[in-house]
Structures are given as structure tokens and as C-alpha cells.
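A closer look at the structure
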Amino acid sequence: MIRKISAILLVMTTILATTIMPTNAIANTYTPALSDISNHWAKVSIYYLVEKGGITGYSDGTFKPDKIITYAEFLKIALCVATGKAYASAAGEHWAMGVYNEAVKLGIVTSAEMDVPDFDKAIPREDMALILVRVNQKIFGASDVDITGVQGKIADYSSISKDRAAYVLQAYRLGFLEGSNGYFSPSSSATRAQAAQVMYRLLVSDARIDYTTLRDVRDGDTEVIVVSNITELMATESSTKKGNVTVLIKDGEYKLSKGLCITGDNVTYASYSGKRDAVILNGDFSASHIFWVMSDNVTIKDMTLGRVNNHAIQIHGELDADNTVVKNVRFFDIKEQFIKGSFSQSSVSYSDDCIVEDCFFEFTGNEAFQYYTGGIDVHRGKNWIVRNNTFRNIQRISGALTEGAIHFWSASEGTLVEGNIIINCDRGIMLGFDNSPHYNGVVKNNFVQTSRDVGIYICTSQNTKVYNNTVFSYPGYSNSIEYRFSTMGTMIINNLTNGAISSRDGGTATLENNISSADRTWFVNADKGDLHLSENASSSVDRGKDLLEVSIDIDGELRESGKYNVGADET
């Protein structure tokens, strides 16, 4: 891993004018065996910081991502990762005393802002903002940025301590932090996973939040409704019609006999705790849907949705429903498509600019209930982003194939599919189908392990970029990537597969730097979908072509110019 760490430091030097170079480098403690984060929304940032040595797992092999983080722990992460150094404490002192003394020396904190009695207390979010901004300035040499207009993105700005407000605004503007449903919650604590995520954003510019995409909420602009039972939850269907409403759902399982129609703009449904496994909306196969989205700027996040007869979420493109965000949602046991983007032949409207990220889609048994099912199925979607999701067991053991994990068609365009992990699915990623086209898609940095059919299917699809994916196909099917029918203008570069990359029925594409002869021993565990490279994969290391579109790999690791690996994983 030495080469990757060197590349990261080089890029950080260029971007942030780093003035302190690491000496006495901390040990590389990276391990992929943390048992409780394999499907966690923050796994990329956690693995990154574990590898850098700023945070570790526990002796039982867990990371405990939802455990609250303390002042001392957060200061250690920030300082050790940013400087690349370890800081020892004297015998008898608190373990963090060495880190704290160096932080005071560098001007990261003062004794008035943090002192020894605070070490083992939960750190408030506003103090996290202070440390992040100070590290950026004192260690990386960054200057203040223009914070004009940022205050309007924070609904509870008036509750931030006066001496922390400037740091919160800087952290927002730089993309290190974001609120939940417009609220920053300055005095709230943070989990170990959340701390890893914000530090990752500090260190990796591509991971930062674009603050301009955050809705201008201002004080009092959004009504917040907190619900704790099924009656209160169902009543929100009427309350949200006027728009500008956030519904926060208290922990528990909610049995729905029917779904919720969202018809107002600027509506959010989220768990109160932010923990997706703590709030379960269960249709119990009585409801056809959980949510119908019929309006603009709808967010559904931090919850679990399952057991409905049709779709967990249907986004109505025929009604021009745009800007839906689905984030950190677990979907389970849906009889048809988990997320459906619908259309009508009588309407020219599309669903535009929707995002599905950090979600988990699965059948909890070994297969789907029927063949007519899929993870994400979108007709007439424009500029959708599907990233950093996991799909599992979307398959039938025999009979007709399911759609698999991801499918965009019916003149969809501009789809970005990146960083997803697809395990034990009939098919992986499909753009277009038969005579139903797709235009201008990008498929990059995905792990795809299929059980019956093709991994990546580009069909009647124009100007598609298929870059740095790793596909391990079921041995009974010969092709890992296919381009078919009137497909043209497609670029297939730097992909690592165990099956052929093939044209069917006249499809055309440009192929460069692909390897289609991978063996299962090249991967950590191909049969279970872990397609990180093993020590046997030397044939794919440093053999790729430099591509600006894939400057980081599936784990968020920076790729070094001139030494790109083939496939989604750098080593």
C-alpha cells in the first residue's frame, strides 16, 4: 500500500499546499476483515482511515461504526492522519495526551476549547467543524474561503455557538460537513463512522459535498414533523402536500397496509436517529408500495423498506418528478422492482437528476420471488446517479432471468453508475434493452459478480463509457461484458473480467487495455463478490490506461498516474 499513500500525499500537497511532511510515519494497520462494516454506508471512508492508521478496529474484529466518538478519538484521527505521525504520551498520562500537546502546539485547539477533562466526552458536531477547519489551515496551509450565502443552508444556524459559527460555515463551504434535512444539530454527538466520513472528505477532495447543491432552508423555512407510530406516519401524507416538510421517524417497525403518496415539493422522510436499521417500514405484503414520488426535491434516507407487492419507491417520470434522493436505505424482499422510475407513452416527461447512493438491496433468501423483479429499473431517466450501493441475491435459481441489479432504458440518458457492488445477481448493469435505447452513460469502478448471465450489458446504447470495472461472471455464461444491436460510440477501457467482452448482433465499441482472462484466484473471494485483488493478480497491476474519469478506485483510493490497475481496485 506504500505506493497509494505516496500518491495521496502528492495530490494533497498540490491541492492544499501541505507544509508539514510526515516523519515517524504511523504503522499501516489496514485490514479488510472488520466484520461489521462490509455493507455499511461509510465503509469506504472507514477502510481508508484504517489503512492510514488514524483509526483502528477492536480486538474482536469489529469496528463498531455506530459507537459515539470522543474528543480525544476525533483529535487523534484528525492529527495523525493529516500529519502521518504518531504521538506518544508519557507513562501515567491519558493515552491522548501526546496527541493533545501537539495539537495545542500547532494551534489546532487551545486549552480553553478542549482540555484533559473533555478527552473522554462525546465531541459535539460544532467542535468537529473547528478541528477540521484548523487542520486544513494549520497543517495543509489553506486559507479562509468565501462563506457568503452558506448560512442560508443551515436551518438551525442560530443555535450554533457564536465562537464556533465561522468554523461551521467554513466546514460547510469546503464540503467537509452537511446537515440532516437542513439541520446541523451543533451540540449533537457523532459516531465513529460519521467521524471517518468527515475526515475522508477533508483528505479526498472528490468525496466532498458540493454545498451549492444543498437546499436553501433558512430559519423556519421547513416544517419538521416527528412521528412515533403508524397513525402519525400515515397522517403525514396530507401534511406534506403543501411542501417544505421534513418527516422524522422515531425508531421502530411500522406495518403499512398502504403506501404514502408524496405530492408536495421539498419533502424529506428520514429516520430521527439517522440509523437505517432502526426504522423499518414494512408493507408485510399487504401494501403495493412504501412511497410514490410524484413531485420534485424529495429525499428518502436512513431507513429500511421491505415486503411490498410492487415497488418500495416509485418515482413517476410521467409526472415530471425530478431531483429525488434516496440515501442510506436498506431494501429487502420486494416482489417487483425495488426502485421503479416509471413513464407513460402519452407523456414526454422524464425523471431528472435523481440520486441513489449508499443503499443496500437484497433478497434475504437465496433468490427473488419471481423473474419480474430488479434492483433499480428506470424508464426515461435523465442524469441519474447510482453510486456506492450493494445489491445481493437478485436472481432466480432456474427459469426466466430477473432484470438483475441496475437497468436504465426507454431513452434514458446521462446515467452514471459507479462504485457499486453487485453480488449473486442474475445480471449486473444494463443500459438499454432490445430496441429501447440509452444515451451517454458512464459505468465505472463497479464490482459485478453474476450468477447466470452477463455482468455489464450495453444494448442499443449510444456513446457509453465503460471504464475500470471488475466483472466475475458465472462460468456457465461465456461473456462478462456485451455490446449489442445498434450500440455505437461506446468506449470499453481498463475492465478486468473472467469472461469475454463481446459484440452481439452488430454492436460496435472501442476496446482498450481490458483483461478478460482473470481467474478466481486473482480475487480475495470471487464466489462471495469480494473482487478486491489478491496477490495472484499481478497481471492486472499497473497495466491500465490513465483516465481522468477514474482518478480514484472503488474504495476511494487515488490512482497514481502511469500506474493505473486494470479493473475497479488499486493495490
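Structure shown above.
Here the structure is a predicted model, which is why all the values come from computation and not from measurement.

Conventions used here
Within every chain, residues take consecutive numbers counted from 1 along the sequence as written. Per-residue local features of the predicted model are confined to residues with pLDDT of at least 70, and side-chain atom pairs are confined, for both listing and counting, to 80 or more; whole-chain, interface and lining totals are unaffected and use all residues. Each side-chain value is derived from all of the structure's non-hydrogen atoms; neither hydrogens nor water enter the calculation. Two rings belonging to Phe, Tyr or Trp (six-membered ring only in the last case) form a pair when the distance between their centres is within 6.5 Å. Interplanar angles under 30 degrees mark stacking, angles over 60 mark edge-to-face geometry, and anything in between is tilted. Going along the chain from the N terminus, every DSSP run of H or I of four or more residues is numbered as a helix, and every run of E of two or more is numbered as a strand. The classification of residues rests on relative accessible area computed with a 1.4 Å probe and restricted to protein chains. Under 20% of the type maximum is buried, over 50% is exposed, and intermediate values are partly exposed. Excluding any residue in a salt bridge, patches collect residues exceeding 30% relative accessible area, merging like charges within 9 Å and nonpolar Val, Leu, Ile, Met, Phe, Trp and Tyr side chains within 5 Å. What sets the accessible areas is the Shrake-Rupley method with a 1.4 Å probe; for residues, cover comes only from the shown protein chains. The term salt bridge refers to a pairing of a side-chain nitrogen on Lys or Arg with a carboxyl oxygen on Asp or Glu at a separation within 4 Å. We treat two strands as partners when DSSP finds at least two bridges between them. To obtain each axis, a line is fitted to C-alpha atoms, and for helices this fit is confined to the stretch in contact; angles are then taken between N-to-C directions over 0 to 180 degrees. Whether two residues are in contact is decided by their heavy atoms: any pair within 4.5 Å suffices.

Considering all chains together, one arrives at 13 aromatic pairs under this definition. Ring geometry for Tyr100 versus Phe119: centroids 5.2 Å apart, planes at 65°, classification edge-to-face. In this pair, Tyr100 is assigned in helix H4 (residues 97–106) and Phe119 in the loop between H4 and helix H5 (125–138), connecting sequence segments 19 residues apart. Looking at Tyr100, the relative accessible area reads 5%, which means it is buried. Note on Phe361 and Phe391: the rings are 4.5 Å apart at their centroids and 10° apart in plane angle, and the pair reads as stacked.

As a further point, take a nonpolar patch on the surface. The grouping of Val224, Val226 and Tyr272 at the surface amounts to a nonpolar patch, some 260 Å² of accessible area in total. One can find Val224 in strand E1 (residues 223–227).

Two pairing modes exist for strands in a sheet, parallel and antiparallel, and in both the strands are linked by backbone hydrogen bonds. Taken together, 10 strands build an open sheet; the order of strands is E4-E7-E9-E11-E15-E19-E23-E27-E31-E34 and the sheet is parallel. Every other strand in the sheet has two partners, leaving strand E4 (260–262) and strand E34 (500–504) as the edge strands with one partner each. Geometrically, the sheet is characterised by an average inter-axis angle of 10° between neighbouring strands, direction not taken into account. As defined by bridge partners, strand E27 (residues 456–459) adjoins strand E31 (residues 479–484) across 4 bridges and the pair is classed as parallel. Residue pairing across strands places Tyr457 opposite Glu482, the latter belonging to E31.

With respect to the helices and strands, Val378 occurs in strand E15 (residues 374–379). Taking relative accessible area as the criterion, Val378 reaches 0% and is therefore assigned buried. A C-alpha to C-alpha distance of 26 Å links Val378 and Thr497, two positions 119 residues apart in sequence. Apart from residues lying up to four places away in sequence, Val378 is in contact with Gly341, Ser351, Trp384, His407, Phe408, Trp409 and Ser412.

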